[in-house]
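Residues per chain, in single letters:
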Amino acid sequence: MRRQPGSLEDAIIAVLGGNVAMSVAEVRAELGGDLAHTTVMTALVRLNDKQLVTRTKQGRAYVYALAAPAGELPALRAAIRMRNELQSRQAPDRADVLASFVAALDPDDEAVLRKLLSDNDSKAS
């Protein structure tokens, strides 16, 4: 039986939500069922490529952990998409993308962005 697209990744994120780094075998055991080791490994590698999990060498194998607390993953996903969009653009286009994004913000979100930028400037000084 085929899974819904993204459901394995969602299940893996739920397993890793305990904030404990786990090996492929440990994740597979927690998922239960009859998933192949390579299926779980491929999903973990893809989550690592998407920057949603981190991978650390431990002995001969890797262990995986969430890149952020589970509740912060939606914000992390959005930030990654925006960074990827900006990185795919040339300098003038980057400014256009940012200008378009800022122009579409509602006043409350614009105020939050201004505060975040101000706080970031204060930390850099």
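Residues numbered from 1 in each chain as written. Predicted model: local features only at pLDDT ≥ 70, side-chain atom pairs only at ≥ 80, totals over all residues. Heavy atoms only, no water.

With respect to the environment of A65
Piece 1. Inspection of the secondary structure assignment puts A65 in strand β3 (residues 61-66).
Piece 2. The exposure class of A65 is buried, given its relative accessible area of 19%.
Piece 3. Taking C-alpha positions, A65 is 14 Å from R28, a pair spaced 37 residues apart along the chain.
Piece 4. When sequence neighbours within four positions are dropped, the list of residues in contact with A65 reads L16, A21, L52, V53 and T54. (Helix = DSSP H or I, 4+ residues; strand = E, 2+ residues; numbered from the N terminus. Buried < 20%, exposed > 50% of the residue type's maximum accessible area, 1.4 Å probe, protein only. Contact = heavy atoms within 4.5 Å.)

Notes on the pairing of strand β2 (residues 53-58)
Piece 1. Note that β2 and β3 share 6 bridges and pair antiparallel. Along β3, the bridge assignment pairs T56 with V63.
Piece 2. Hairpin geometry of β2 and β3 is characterised by an intervening segment of 2 residues between the two adjacent antiparallel strands and by a positive phi of about 70° at G59. (Pairing = 2+ DSSP bridges.)

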